[in-house]
Amino acid sequence: MVGPPHSGKSVFLAALVTALKARGGKFFLHRACPDGEGMWSAESAPETVSAIRRKGGFTPGFLAFTCQAIDGLAKCFPLVLVDCGGRRSGENAEILRHCTHAVVLSSQPMETAAWAEFCQANGCAVIGRIGSSLETEESLMIFGQDVFGGHLYGLDRSGIPAGTATQISRVAGFLG
């Protein structure tokens, strides 16, 4: 999962994990960014998250651990979800080289193509492109045989709309 900051990637992934669990899917979510995110931040009140979340920086040790973890997890799980950071950086390029596929989630339409190119340049086939916004709109996903795309609204820590949750559940069905 890649895309610019503040697009809703972590909120989307938390909802996707919930939907995959409901389907009995076998998967693992690995947080590949030292941004202090985790399922705890999706399960906590927004003010609690703001008070205790601390963003860190990439270190050589963190990057090595993350890449080894992705490789090892891929041997144990049919689906490994990797939450990458919101920058097209050398560290995220290295992480992508340990992944096979990518989904771009972007609240900035002009960034979607650049993120897709970044993923492809680092060996990841882009299988999903999702636009996001906080404004009241209808969420809709369209699925092809090997790819999907669409738009989701309301990917906010305070709760996502029912229509958005339904579309994320459809993504879970596609993935797993």
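Computed from a predicted structure; not experimentally measured.

For the rest of this paragraph, the subject is the layout of surface pockets. In this model, the second largest pocket occupies a volume close to 480 Å³. Lining the second largest pocket are 24 residues, with Leu 79, Val 80, Leu 81, Thr 100 and His 101 positioned closest to its centre. Those elements that provide at least two residues to the lining of the second largest pocket are α1 (9–22), α4 (60–76), β2 (79–83), β3 (101–106) and α7 (162–175). The element contributing the most residues to the lining of the second largest pocket is β2, with four residues. Residue composition of the lining of the second largest pocket, by class: 21 nonpolar, three polar and no charged.

This part covers the side chain of Ser 133. Turning to its location among the elements, Ser 133 is positioned in strand β4 (residues 125–133). For Ser 133, a relative accessible area of 11% corresponds to the buried category. In terms of polar contacts, Ser 133 uses its side chain to reach the side chain of His 151, at 2.9 Å. With residues up to four places along the chain from it excluded, the contact list for Ser 133 reads His 151, Leu 152, Tyr 153, Gly 154 and Leu 155.

Attention now moves to the sheet that holds β3. The mixed open sheet is built from four strands, whose spatial order is β3-β4-β6-β5. Taken across any chain shown, the strands that pair with only one partner, and hence form the sheet edges, are β3 and β5 (140–143). Taken pair by pair, the neighbouring strands of this sheet meet at an average axis angle of 15°, ignoring direction.

As for its position among the elements, Ser 10 is in helix α1. Looking at Ser 10, the relative accessible area reads 12%, which means it is buried. Of note is the side chain of Ser 10, whose polar atom sits 3.2 Å from the side chain of Asp 83.

Conventions and cut-offs
Residues numbered from 1 in each chain as written. Predicted model: local features only at pLDDT ≥ 70, side-chain atom pairs only at ≥ 80, totals over all residues. Heavy atoms only, no water. 1 Å grid on protein atoms, 1.4 Å probe; cavity = no way out; pocket = protein on both sides within 12 Å on 5 of 7 lines; lining within 4 Å. Points joined across faces, edges and corners; volume = space filled by probe spheres on them. Helix = DSSP H or I, 4+ residues; strand = E, 2+ residues; numbered from the N terminus. Nonpolar A, V, L, I, M, F, W, Y, C, P; charged D, E, K, R; others polar. Buried < 20%, exposed > 50% of the residue type's maximum accessible area, 1.4 Å probe, protein only. Polar contact = N/O pair within 3.5 Å; in protein donor to acceptor, adjacent residues only side chain to side chain. Contact = heavy atoms within 4.5 Å. Pairing = 2+ DSSP bridges. Axes fitted to C-alpha atoms, helices over the stretch in contact; angles between N-to-C directions.

Remember, this is a structural readout, not a statement about activity or role.
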